[in-house]
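# A look at the structure
Chain by chain, the residues run as shown.
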Amino acid sequence: MPPLDAPPPRNADLESALLEARATYAAARPQSAALHEAARRVMPGGNTRTVLFWSPFPISMTRGEGARLWDADGRAYTDLLGEYTAGLFGHSERRILDAARAAMDTGINLAGAGANEIRFAELVCARLPSIERVRFTNSGTEANIMALSAARAFTGRAEIMVAKGGYHGGVMTFASGQSPVNLPVPTRFMTYNDVDGTVAAIREAGDKLAAVLVEPMLGSGGCIPATREFLAALRAACTETGAVLIFDEVMTSRHSEGGLQQRHNVIPDMTTLGKYIAGGMNVGAFGGRAAIMDVFDAHRPGALPHAGTFNNNVWSMAAGCVALGELFRGEVVEALFQRGEKLRADLNALCAEAGVAMQFTGAGSMMTAHFRAGAINTPYAATPEEEQARELFFLDMLEAGFYLARRGMVALSLPLAPTDLGGFVAAFREFLNLRGPLLGRAG
């Protein structure tokens with residue numbers, strides 16, 4: 001037994017701090033609590049999107065403008081979540097809103113092809129090195145489903161390979177292997193950033209493997225970047241075996257005009273997109289080499305069908321033309337990437353100065369907090385203490401007026417000002433001053 005005057009174990013102090021932070025959170029948000037109770041009567045769990053649920057109840061947001069959010073209780077936040085990368089342009093970009101309104105003024109559901117659909121497709125093909133042909137969907141989830149369908153039809157093979165801990169949409173989530181909601185597709189697994197093991201696994205699959213689907217930086221898996229060596233090894237192994245290499249750049253295409261594939265100069269056979277590319281409107285896209293995408297060419301006998309009432313909805317097509325054609329180009333893209341690089345460096349410098357087992361991984365304008373020391377190159381199972389620290393960080397940042405993901409993810413948007421990021425760094429410094437003794441020590 002420890003001596004009677006021994007300090008309480010760190011996890012006990014951490015748990016006490018977390019209980020207090022939860023109580024403070026709940027007491028300050030009675031309207032969100034009431035709305036959640038009403039929601040539970042008509043929706044299982046009280047919401048319709050799992051990532052936005054947390055205990056004791058999630059925040060109900062009522063308004064957004066620029067990079068600001070207001071909740072049902074009138075509390076204001078600087079938005080550092082950016083709708084999980086979809087909110088790149090903030091909440092009130094006038095040119096996006098004007099384009100969508102103008103399109104809807106001419107009719108909402110026209111049940112026909114349109115000129116903006118062509119223009120948007122031209123912009124996508126011009127930006128992504130791997131995309132010669134593209135088709136649109138309603139979401140990144142659908143884009144990944146259709147890309148895999150194309151790859152399986154093109155190769156005549158059935159199996160796919162994904163990374164353990166990866167995420168490719170609501171029906172392709174692999175945080176702990178297979179999920180009961182996943183599509184029933186024969187799936188093999190690779191370890192992210194394990195070059196030798198992954199190449200061996202692709203060769204072992206051989207002519208059974210239709211596609212390798214991978215994010216060039218894991219998004220929900222912790223903003224863990226792939227090494228160029230790993231991506232290049234995937235490219236070579238897929239070329240060798242005839243498997244289709246698909247980069248899921250639904251999140252990461254923001255990191256240059258041509259996505260991370262351009263930044264790394266590793267070009268896949270297909271790419272999936274979504275999130276921000278239509279200015280925050282619902283959208284997804286998948287594209288690639290013409291030979292693969294032409295399995296959908298209805299001019300040809302036996303073409304694959306691709307349905308979706310809202311695939312080419314007028315507001316997303318119009319907003320996408322403005323988002324990619326006018327707003328997010330050239331220097332704007334690179335400036336956002338560099339702002340994120342600096343922010344992550346500043347946050348990690350504070351972690352090192354405090355000597356805590358905490359760090360931020362990521363690339364450019366995307367990053368995630370981790371509560372452990374050492375290099376993080378692949379997804380891992382967090383300890384109970386790490387999960388407690390993660391939730392405490394989230395709640396403390398809310399109290400300081402900064403909204404980020406419950407899992408510790410940050411995705412910067414264009415309207416954020418230098419003072420916003422400086423305020424976040426200052427709030428994080430205060431977090432380390434207050435909570436540092438509760439976190440593990442580095443080294």
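The coordinates are above.
Described in the following lines is the structure provided in the data block. (Residues numbered from 1 in each chain as written. Predicted model: local features only at pLDDT ≥ 70, side-chain atom pairs only at ≥ 80, totals over all residues. Heavy atoms only, no water.)

## Quick notes on helix α12 (residues 384-399)
Threshold: A helix here means a DSSP run of H or I that spans at least four residues, while a strand means a run of E at least two residues long, and both kinds are numbered starting from the N terminus. The span expected for a helix works out to 1.5 Å for each residue beyond the first. When a residue's accessible area, from a 1.4 Å probe over protein chains only, is under 20% of the maximum for its type it is buried; when over 50% it is exposed; and in between it is partly exposed.
End to end, α12 covers 23 Å across 16 residues, agreeing with the expected 22 Å (1.5 Å per residue, within 8%). Where α12 is concerned, the buried positions are E386, Q388, A389, R390, E391, L392, F393, F394, L395, D396, M397 and L398. Just beyond α12, the residue with positive phi is G401, at close to 95°.

## Describing the pairing of strand β1 (residues 61-65)
We count it as follows: Any two strands with at least two DSSP bridges between them are considered paired.
Pairing between β1 and strand β2 (residues 68-71): four bridges, direction antiparallel. Within β2, the position partnered with M61 by the bridge is D71. Linking β1 back to β2 in an antiparallel pair, the connection comprises two residues, with G66 at a positive phi of about 60°.

## Digging into the state of the cysteines
Applicable threshold: Criterion for a disulfide: a pair of cysteine sulfur atoms at a distance within 2.5 Å.
In this structure the tally under the stated criterion is zero disulfides. With no disulfide partner, C125 has as its closest neighbouring cysteine sulfur the one in C321, 12 Å distant. Here C125 falls in the partly exposed class, since its relative accessible area comes to 24%. With no disulfide of its own, C223 lies closest to C351 among cysteine sulfurs, the gap being 15 Å.

## Concerning the packing of aromatic side chains
Using the following cut-off: Centres within 6.5 Å make a pair out of two Phe, Tyr or Trp rings, where for Trp the six-membered ring is used; the pair is then stacked when the planes are under 30 degrees apart, edge-to-face when over 60, and tilted otherwise. Look at NZ for Lys and CZ for Arg. If either is within 6 Å of the ring centre and within 35 degrees of the ring normal, a charge sits over the ring.
Counting across every chain of the model gives 17 aromatic pairs. Look at F174 and F189: their rings are 5.7 Å apart centre to centre, the planes differ by 75°, and that puts the pair in the edge-to-face class. Of this pair, F174 sits in the loop between β5 (159-163) and β6 (187-190) while F189 sits in strand β6, and the two are 15 residues apart along the sequence. Seen from their ring centres, F360 and F393 are 6.1 Å apart, and the 75° between their planes marks the pair as edge-to-face. Note that F360 is positioned in strand β11 (residues 359-363) and F393 in helix α12, a separation of 33 residues in sequence. For the residue pair F360 and F393, the accessibility class agrees, reading buried in each case. The rings of F360, F371, F393, F428 and F431 are connected pair by pair, giving a single aromatic cluster. Its guanidinium or amino end placed over the ring of F337, R263 lies 3.7 Å from that ring's centre, counting from NZ or CZ.

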